[in-house]
Amino acid sequence: MDLILCHTTADFDALGAAVGLTRLLPGSKIVLSGGSHPPVRDFLALHRDEYPLIERRSVIPENIRSLTVVDTQHRDRIGKAAEWLDLPHVKEIILYDHHLGQESDIPATQSYISSVGATTTLIVEQLQQHQISLTPAEATVMALGIHVDTGSLTFDQSTPRDALALAWLMEQGASLSVISTYCYPGLSPQLQQLLTQALENLEYLCLHGHTIAWVTLKTEGFVPGLSSLASELVELTEIDAILLANEYPLGKDDVRLTVIGRSQIPKTNLNLLFQLLGGGGHSQAASLNLRGVDSKATLQQLLDGIKAQIPHPPTARDLMSSPVRTILPETTIAEAQRILLRYGNSGLSVVDAQGQLVGIISRRDIDIALHHGFSHAPVKGYMTTNLKTITPDTTLPQIEALMVTYDIGRLPVLDNEQLVGIVTRTDVLRQLHQEREEKRGRGGEKQRGRGKENHFNLPQLQNKLAPQLWQLLTVASQAAQKRGWHLYLVGGAVRDLLLAKEAAGTLMIKDIDLVVDGFHQSADVGAGVELAKALQQFYPAARLEIHGAFQTAALLWHNDSELDSLWVDIATARTEFYPYPAANPEVEASSIRQDLYRRDFTINAMALRLTSPRAGELLDFFGGLLDLQAKQIRVLHPNSFIEDPTRIYRGVRFAVRFGFHLEPQTEEFIRYAINSGVYDRTAQENSRTPALQTRLKTELKHILEACYWKSALQLLDNLGALQCIHPTLKLDGDILRQLRLLERCLQQFDTEQSLIHWQMRLEALIAHLAPEYRVKVAKNLQLQEDSITRLKNLALNSTQVIKSLPTFQVPSQVVQLLRQYDLPMLILIALQSPRDIRHQIWKYLTVWANVQPFLNGNDLKNLGYKPGPQYRQILDELLAATLDKVVKDNREAEEFLAKHYPQ
């Protein structure tokens, strides 16, 4: 176990540096040695699950492999964790700090101490050096560390290195809105006095979970910087909107009124309100200046306007995941851990035999029980029974308040005492992030390269899709909505819509995936099948296929007059688990969030909601839109390629197809999976490995029939991924030459494309293996029987051709030998033959195979020859004579017959 230790009362710099180090030291865990600063504590109340934090008491000292200490050089600053520094088996202790001139009492084996404004800066520089990218959550906490320790680059110890580090973190997606929440700017002395006055006189109103505040300050003259004061009031009081009025005299009987407005409430528009009174600005920030008006009445008019604009906040029904994974109180700790591992949950709800909620057990609770050796104990002894619950109508602000106040990571949702869903910190953070992005979009404050298109209005969607597809999706969404379900367009279709340019015209997507979600309403595991059957009522020409094991149904059109060839897959939202690497996954009904979480790459893990309310909403939980903009392929899970090697081939296919690159860590995961030997082990241990058999063949088909197949093969070879076909397969110069020759053969001899070209390319790859491996690989990939037979006989046939052709003196001998082989076999033999042999095969295919004898069966009959088996012999000898130039025309042919076959 590799641990990263933060000092007691950890600040943002210590936390940010530790988070960055988890990317430099994959698999490491962060230990907060003794509490944290209040802002850090508040931050972690919402964001704890974003980072690999563990408690000190859950650490088994014997398992510690290395220790890294950040932001301090003194043992006493890391509390009781300092005892681990003296463990004899801990051979590596690394130190990072930015405080110079201190004597350290930590026995570090490596030290990184430099004169910068924040320790986090040192970590950023190493991340850049190793070309490691960050998630927005990681970039945000690291940026907070630099901001707080440098006073947003205003403190004397700030350096250009800190500024460069901050710039890079912004490129990585650091959230400015989150940073501003925990980082306070300074005010002038005059504004500080007014701040005190404003705080004493501020009035509040709470509506739909949002707090509005207003205050009027009377001064002797104009005060510059009131906008900063308004922003500071918003930050200090955690209000959602404020009206700050300043009234001051211009003359004896003349009074001026200035009003500054700020709002963080989605869908409010201060610009519209202030324009009515002669002011203006932006939707979230506006101001006005008036003379000779009733200040109180003006402020009330603006206040009434804001109240009218405030939308109803999201509720638990909108946020929750459903159905909820539950266990009984008698379930053992070991079994609970297995369930957590299987489904990737951070906690489980405990219900009694009647289905009533009786407790919750978290991963932390289970880890502690296991640490103390109680794997056999029932969870009822470790679960939390003093529960906070919510109803489906509990609003987002109420949910957030409960989580922060009680440091709760998950809230069960009860409807009439029945458990119908659960809201987690992650659910809340996603919703808050989406609202922040909406605010940034409305205010024109998008970070460079981070514009987030999180909503399609329906006309936009309609304009991007072919009319017949739009009609089909409309019918499907109406059918789902009628049943109380949500319907989502997911996967590749969403990706293609986001990539589509307006000027390119409408899309006629050939493969559409739809997901039904709505278990807290009325959907069950058969929802996808039921919807497919309902849709078929509108499209009777479609063929319906049902796959019960995977809870999916498909509607297929072939050469339809309107929809052409179209595949529409309709599934109930589901989660999946791989019982062993390369197996088929086991699937269970779940929610749309879990359904997207099980997918391969971020760019394929987005969904577009088709049903009301919020039709057109884009669900992007994993940064897929940002990866599309960055033109990179990023995998969702570190173990993704170990579970399913076909994802390697899909990732390469997408990268080459779209001109994207593999994100560096994704490439590392691919190489690790291949080099680990897991595929060989699982093939030996399990008789069925579909991801190395049928599913691998499907991916090879997609690649080898595409125009970019050569580039894809080269990238697969560079990654070592051709080993998935066979451990010895590599793209050396010989096979590359053979593949080039294969393309020439296919272009020359199969202009009608009677052969399956992608399959010929695959056979050429397999034929490059040693003869003893060919049939086994072909059968493993479940190729057609003729392909298997061809590869089985290739070695023998090739040997015969290579040995015989040099001994032949006339063309007829070549033809007699080669015509016993079909075109695919001859092509494979040619690929592996020396140049002189290839030349003869080529001449056979281009010239000699097309030569016909000057006489045919009808001519023989007219010449008086009786029909019979001798016709074949006569015509064969006549063909041989023609090929060898013994017979040059019809007359000579008849003379040949008279001489050799007299009547």
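This structure is a prediction, so every number in the text was calculated from the model and none was measured.

**Some points on the environment of Glu247**
No. 1: Along the polypeptide, Glu247 turns up in strand β9 (residues 241–249).
No. 2: For the pair Glu247 and Asn856, spaced 609 residues apart in sequence, the C-alpha separation works out to 113 Å.
No. 3: Residues in contact with Glu247, not counting those within four places in the same chain, are Thr216, Leu217, Lys218, Thr219, Val255, Arg256 and Ser295.

**As for the pattern of salt bridges**
No. 1: Going through the model one piece at a time under the given rule, you end up with 37 salt bridges.
No. 2: The partner of Lys307 in a salt bridge is Asp304, with the nearest N and O atoms 3.9 Å apart. One end of the pair is Lys307 and the other is Asp304, both in helix α10 (residues 295–309) and three residues apart, which spans about a single turn.
No. 3: The exposure class of Lys307 is partly exposed, given its relative accessible area of 31%.
No. 4: Across the salt bridge formed by Arg650 and Glu699, the nearest N and O atoms sit 3.7 Å from each other. Here the residue Arg650 occupies a position in helix α23 (residues 646–658), and Glu699 occupies one in helix α26 (residues 694–704), the gap between them amounting to 49 residues. Each member of the pair, Arg650 as well as Glu699, is classed as buried.
No. 5: Through salt bridges with shared partners, a single ionic network connects Asp600, Asp644, Arg650, Arg653, Arg695 and Glu699.

**Digging into helix α36 (residues 870–883)**
No. 1: Over its 14 residues, α36 extends 20 Å from the first C-alpha to the last, a length consistent with the 20 Å expected when each residue adds 1.5 Å.
No. 2: If you check which residues of α36 are buried, you get Tyr871, Ile874, Leu875, Leu878, Leu879, Ala881, Thr882 and Leu883.
No. 3: Directly after α36, the chain includes Lys885, whose backbone phi takes a positive value near 65°.

**Overview of the pairing of strand β1 (residues 2–6)**
Consecutive residues of a regular strand have side chains that alternate between opposite faces of the sheet.
No. 1: Among the five residues that make up β1, five are buried, leaving the element largely enclosed by the rest of the structure.
No. 2: The alternating pattern of β1 places Asp2, Ile4 and Cys6 and Leu3 and Leu5 on opposite faces, both of which are buried.
No. 3: Taken together, the five bridges between β1 and strand β4 (residues 66–70) define a ladder with parallel strand orientation. Counted as the bridge partner of Ile4 is Thr68 from β4.
No. 4: Relative to strand β2 (residues 29–32), β1 is paired through four bridges, and the arrangement is parallel. Bridging across to β2, Ile4 finds its partner in Ile30.

**Here's the deal with the sheet that holds strand β13 (residues 326–327)**
Through backbone hydrogen bonds, the strands of a sheet pair up, either in parallel or in antiparallel fashion.
No. 1: The strand order across the open sheet formed by three strands is β13-β14-β15, and the pairing between neighbours is mixed. With one partner strand each, in any of the chains shown, β13 and β15 (357–362) form the two edges of the open sheet.
No. 2: With five bridges connecting them, strand β14 (residues 347–351) and β15 associate as antiparallel partners. Across the sheet, Leu348 pairs through a bridge with Ile361, a residue of β15.

**Side note on the sheet that holds β4**
No. 1: The strand order β3-β2-β1-β4-β5-β6 describes an open sheet built from six strands, whose pairing is parallel. For this open sheet the edge positions go to β3 (53–54) and β6 (110–113), each flanked by a neighbour on one side alone.
No. 2: Across the sheet, helix α1 (residues 12–24) is in contact with β1, β2, β3, β4 and β5 (92–97); its angle to β1 comes to roughly 165°.
No. 3: Lying over the sheet, helix α3 (residues 119–129) contacts β5 and β6, oriented at roughly 115° with respect to β5.

Procedures and definitions
- Residues numbered from 1 in each chain as written.
- Predicted model: local features only at pLDDT ≥ 70, side-chain atom pairs only at ≥ 80, totals over all residues.
- Heavy atoms only, no water.
- Helix = DSSP H or I, 4+ residues; strand = E, 2+ residues; numbered from the N terminus.
- Contact = heavy atoms within 4.5 Å.
- Salt bridge = Lys/Arg side-chain N within 4 Å of Asp/Glu carboxyl O.
- Buried < 20%, exposed > 50% of the residue type's maximum accessible area, 1.4 Å probe, protein only.
- Expected span 1.5 Å × (residues − 1).
- Pairing = 2+ DSSP bridges.
- Axes fitted to C-alpha atoms, helices over the stretch in contact; angles between N-to-C directions.

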